[in-house]
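Now for the letters of each chain:
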Amino acid sequence: MNFAWSPEQEQIRAAIERVCEPFDADYWLRKDRDGGFPEDFHRALAASGWLGIAMPEAYGGAGLGISEAALMMHTIAATGAGLSGASTVHMNIFGLHPVVVFGSDEQKKRWLPPLIAGRDRACFAVTEPDAGLNTLKLKTRAVRDGDHYTVSGQKVWISTAQVATKMLLLARTTPVERASGTDGLSLFYTDFDRRAIEAREIDKMGRKAVDSNQVFIDGLRVPVEDRIGDEGRGFSYILHGLNPERILVAAEAVGLGRAALQRAAAYASEREVFGRPIGQNQAIQHPLAASWMELEAAHLMAQKAAWLYDQGQPCAAEANSAKYLAAEACYRACENAILTHGGMGYAREYHVERYLREAWIPRLAPVSPQLILCFIAEKVLGLPKSY
Ligand SMILES: Cc1cc2nc3c(=O)[nH]c(=O)nc-3n(C[C@H](O)[C@H](O)[C@H](O)COP(=O)(O)OP(=O)(O)OC[C@H]3O[C@@H](n4cnc5c(N)ncnc54)[C@H](O)[C@@H]3O)c2cc1C
């Protein structure tokens, strides 16, 4: 067993830190206040080829594994870019995984190079208002008509839909009453054609720079060649990308938690009250030390899950556990960072209140902590399915 980073992984970390350096805490603070997609940050990562880290070399990617992609996303968040920085590119890193695995050679040639170069920007359109976590109940319909499908329906919480040029879309091709098992949904990667799609931004708690939206689709024409794999098998294709996504979210959450912890430790050393640094008090030290341990443990779980995935081994329990543990550890670290700052923790200029608002995202999405606990209870402990 070897827990050390390889020299190549160390280089990735150092290189990502260099790209992130000009985008300091004040940059992300401004983005959080004013909004506006972080175009320059996205461009900087695309220009140095990072958007293709986990894409096949044959299509212009670096051909590395989810371990390296997770390291990249962790590093972005840990520099203080947090979830705002990570979400700017998150979809591009993992999102087209179903295309990589199930797409045809022609589709990969058509879709992957522009995404890696940053010319295309993709959003991930799965969640619907009426279905929630029960993805098999999606209602958005894709009706075949000769060489194309006509799509109509509604999605919710779709991140980056304000700036996306492409959309990975899960839609129903067989009415729910006729669909059996997990069949009946199909997966498409198609143009985000604003003549047939309206994206309405949701006013939300944090991560203002990276928009999330209600999406209304009305008569969108999707060519048959934009369907990935077989009709009706979309759910199983999406499932294939879920574990890598959970691993990336876990890595991002650990990064955000570490950014908060670093600020808290620095403040605790500097701030003097009662004639000594507040960090000399165990009441301040202990929560921060506990957060360090929790983040470290969550990161190890994420690294194990990534390693399993890269070895082609099952990793659903580990990937889900990593996402759960990392999100909870991140949240507590951000909370402890605010408490360490006292009143100043509530002031935007100290950054930690922004981190806490962002820490909600990996807790809530892409799957809730409750559903992860249900999954572990059922699949690992053999208890009856509860949902
Ligand atoms: C900032 C943000 C960005 C997002 N970006 C995207 C995106 O880009 N694309 C996309 O498709 N989606 C996106 N989402 C959506 C996200 O994946 C969903 O919000 C999430 O999957 C939860 O679904 P829901 O909100 O419908 O919750 P619901 O399904 O309504 O669940 C509500 C609550 O009930 C609980 N619950 C429900 N059923 C059970 C049960 N049987 N047992 C125990 N508990 C249960 C859940 O755990 C949850 O706590 C985003 C969400 C957020 C907040």
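All values reported here derive from a predicted model rather than from experimental measurement. The numbering scheme is per chain: residues are counted from 1 as the chain's sequence reads. In keeping with the predicted nature of the model, local features appear solely for residues at pLDDT of at least 70, side-chain atom pairs appear and are counted solely at 80 or more, and the whole-chain, interface and lining totals rest on all residues. As a rule here, side-chain values come from all non-hydrogen atoms in the structure, and water together with hydrogens is ignored.

## Digging into the overall build of the chain
Consideration 1: Each helix is a run of DSSP H or I of at least 4 residues and each strand a run of E of at least 2, with the numbering of both proceeding from the N terminus. Of regular secondary structure, the chain possesses 11 helices and 10 strands.
Consideration 2: Relative accessibility under 20% of the residue-type maximum defines a buried residue, over 50% an exposed one, and the middle range a partly exposed one, all with a 1.4 Å probe and only protein chains included. Buried positions account for 52% of the 387 residues belonging to the chain.
Consideration 3: A separation threshold of at least 6 residues defines the contact pool for the chain, and within that pool the share at least 24 residues apart is 73%.
Consideration 4: Counted as positive: Lys and Arg. Counted as negative: Asp and Glu. His and the chain ends are not counted at all. Note on charges: their place is set at NZ of Lys, CZ of Arg, CG of Asp or CD of Glu. Measuring between centres, the 42 positive side-chain charges of the chain sit 3 Å from its 46 negative side-chain charges. Note on contacts: a residue pair is in contact if any heavy atoms of the two residues lie within 4.5 Å.

## Details of the site of the ligand
Consideration 1: Proximity is defined per residue: if any heavy atom of the residue lies within 4 Å of a molecule or strand, that residue is considered near it. The environment of the ligand is made up of 17 residues, and the closest members are Phe124, Thr127, Leu133, Trp157 and Ser368.
Consideration 2: N or O atoms within 3.5 Å of each other form a polar contact, as long as, within protein, one can give a hydrogen and the other can take it, and as long as residues adjacent in sequence are counted only when both atoms are side-chain atoms. Pro366 places a polar main-chain atom, nitrogen or oxygen, 3.0 Å from an oxygen atom of the ligand.
Consideration 3: Protein contacts shield 66% of the accessible area of the ligand, which totals 990 Å² for the unbound molecule.
Consideration 4: Looking at the shell around the ligand element by element, the count peaks at 3 residues for strand S3 (residues 148-159).
Consideration 5: All amino acids are sorted into three groups, where Ala, Val, Leu, Ile, Met, Phe, Trp, Tyr, Cys and Pro are nonpolar, Asp, Glu, Lys and Arg are charged, and the leftover types, Gly among them, are polar. Tallied by class, residues from the shell around the ligand come to 11 nonpolar, 6 polar and no charged. Each accessible area value is a Shrake-Rupley result obtained with a 1.4 Å probe; residue values ignore everything except the protein chains displayed when judging cover.

## Description of the side chain of Asn213
Consideration 1: Relative to the helices and strands, Asn213 resides in strand S7 (residues 212-223).
Consideration 2: According to the relative accessible area criterion, Asn213 is buried, its value standing at 0%.
Consideration 3: Reaching out from Asn213, the side chain makes a polar contact with the backbone nitrogen of Glu201 at a distance of 3.4 Å.
Consideration 4: Apart from residues no more than four positions distant in its own chain, Asn213 is found in contact with Lys155, Val156, Trp157, Ile158, Thr160, Ala161, Gln162, Ala199, Arg200, Glu201 and Ile202.

## Topic: the state of the cysteines
Consideration 1: For this text, the term disulfide refers to a pair of cysteine sulfurs within 2.5 Å. In the structure shown here, the tally under the stated rule is 0 disulfides.
Consideration 2: Here Cys20 is not cross-linked by a disulfide; its sulfur's nearest cysteine counterpart is in Cys330, at 17 Å.
Consideration 3: Of all cysteine sulfurs, the one in Cys334 lies closest to Cys330, which takes part in no disulfide; the gap is 4.2 Å.
Consideration 4: Here Cys330 falls in the buried class, since its relative accessible area comes to 0%.

## Quick word on the pairing of strand S2 (residues 141-145)
Consideration 1: Two strands make a pair as long as DSSP finds a minimum of two bridges between them. Pairing between S2 and S3: 5 bridges, direction antiparallel. Paired with Ala142 across the bridge in S3 is Val151.
Consideration 2: Between S2 and S3, which pair antiparallel one after the other, the connecting turn spans 2 residues, and Gly146 there sits at a positive phi close to 65 degrees.

## Quick word on helix H10 (residues 352-364)
Consideration 1: A rise of 1.5 Å per residue sets the reference length of H10, with its 13 residues, at 18 Å; its end C-alpha atoms lie 19 Å apart and thus fit the reference within 8%.
Consideration 2: With 10 of its 13 residues buried, H10 lies for the most part within the structure.
Consideration 3: Buried within H10 we find Val352, Glu353, Arg354, Tyr355, Leu356, Arg357, Glu358, Ala359, Pro362 and Arg363. Multiplying 1.5 Å by the helix residue count minus one yields the expected span of that helix.

## Focus on unusual backbone geometry
Consideration 1: Residue Ala365 is joined to Pro366 through a cis peptide bond whose omega torsion reads 0 degrees.
Consideration 2: On the secondary structure map, Pro366 appears in the loop between H10 and helix H11 (369-379).
Consideration 3: Positive phi outside glycine occurs at Phe274, with the angle close to 55 degrees.
Consideration 4: Turning to its location among the elements, Phe274 is positioned in the loop between strand S9 (272-273) and strand S10 (276-277).
Consideration 5: Owing to a relative accessible area of 84%, Phe274 belongs among the exposed residues under this scheme.

## Some words on the pairing of S3
Consideration 1: As judged from the 11 bridges shared by S3 and S7, these two strands associate in the antiparallel manner. Bridge pairing in S7 places Val151 opposite Leu220.

## Some points on the environment of Thr140
Consideration 1: Within the secondary structure layout, Thr140 lies in the loop between strand S1 (122-125) and S2.
Consideration 2: With a relative accessible area of 1%, Thr140 lands in the buried category.
Consideration 3: Thr140 sits 11 residues away from Val151 along the chain, and the two C-alpha atoms are 7.1 Å apart.
Consideration 4: Within the structure, Thr140 has its side chain in polar contact with the backbone nitrogen of Gln154 (distance 3.3 Å).

## Looking at the pattern of salt bridges
Consideration 1: Each salt bridge in this description consists of a side-chain nitrogen of Lys or Arg and a carboxyl oxygen of Asp or Glu lying within 4 Å of one another. As enumerated under the stated definition, the model contains 21 salt bridges in all.
Consideration 2: For Arg363, the salt bridge is made with Glu328, and the minimal N-O distance between the two is 2.7 Å. With a gap of 35 residues between them, Arg363 in helix H10 and Glu328 in helix H9 (residues 316-341) connect regions that are remote in the sequence.
Consideration 3: Judged by its relative accessible area of 13%, Glu328 falls in the buried class.
Consideration 4: Linked by salt bridges that have partners in common, Asp32, Arg348, Glu353 and Arg357 make up one network.

## Things to note about the packing of helix H8 (residues 282-310) against H9
Consideration 1: Every axis in this analysis is a line fitted to C-alpha atoms, fitted for helices over the stretch in contact. Angles between the N-to-C directions lie between 0 and 180 degrees. For the pair H8 and H9, interaxial distance at closest approach is 8 Å and the crossing angle is 160 degrees. Judged by the angle between their axes, H8 and H9 are roughly antiparallel. With respect to the hand of their crossing, H8 and H9 are arranged in left-handed fashion. In this structure, H8 uses Ile284, Pro287, Leu288, Ser291, Glu294, Leu295, Ala298, Met301, Ala302, Lys304, Ala305 and Leu308 to contact H9, whose residues at the interface are Glu318, Ala319, Ser321, Ala322, Leu325, Ala326, Ala329, Cys330, Arg332, Ala333, Asn336 and Thr340.
Consideration 2: Residue classes in the contact of H8 with H9 are distributed as 16 nonpolar, 4 polar and 4 charged. Angle categories are assigned with fixed cut-offs, so that under 35 degrees is roughly parallel, over 145 is roughly antiparallel, 65 to 115 is roughly perpendicular, and the rest are oblique. Handedness of a helix crossing follows the sense of rotation of the near helix relative to the far helix, less than a right angle counterclockwise being left-handed and clockwise being right-handed.

## Quick word on the nonpolar core
Consideration 1: Core analysis: the biggest nonpolar cluster contains 55 residues, and Leu45, Trp50, Met72, Ile76, Ile93 and Leu96 have the highest contact counts within it.
Consideration 2: Examining the composition of this core, we find that 13 residues originate from one element, helix H4 (residues 66-94), more than from any other.
Consideration 3: Dropping the residues within four chain positions of it, Trp50 is found in contact with Ile12, Ala15, Ile16, Val19, Leu45, Met72 and Ile93.
Consideration 4: Grouped together as the second largest cluster of nonpolar side chains are 30 residues, Ala253, Leu261, Leu288 and Tyr331 included. Here the nonpolar core consists of buried residues drawn from Ala, Val, Leu, Ile, Met, Phe, Trp, Tyr and Cys, with membership extended through side-chain atoms lying within 4.5 Å.

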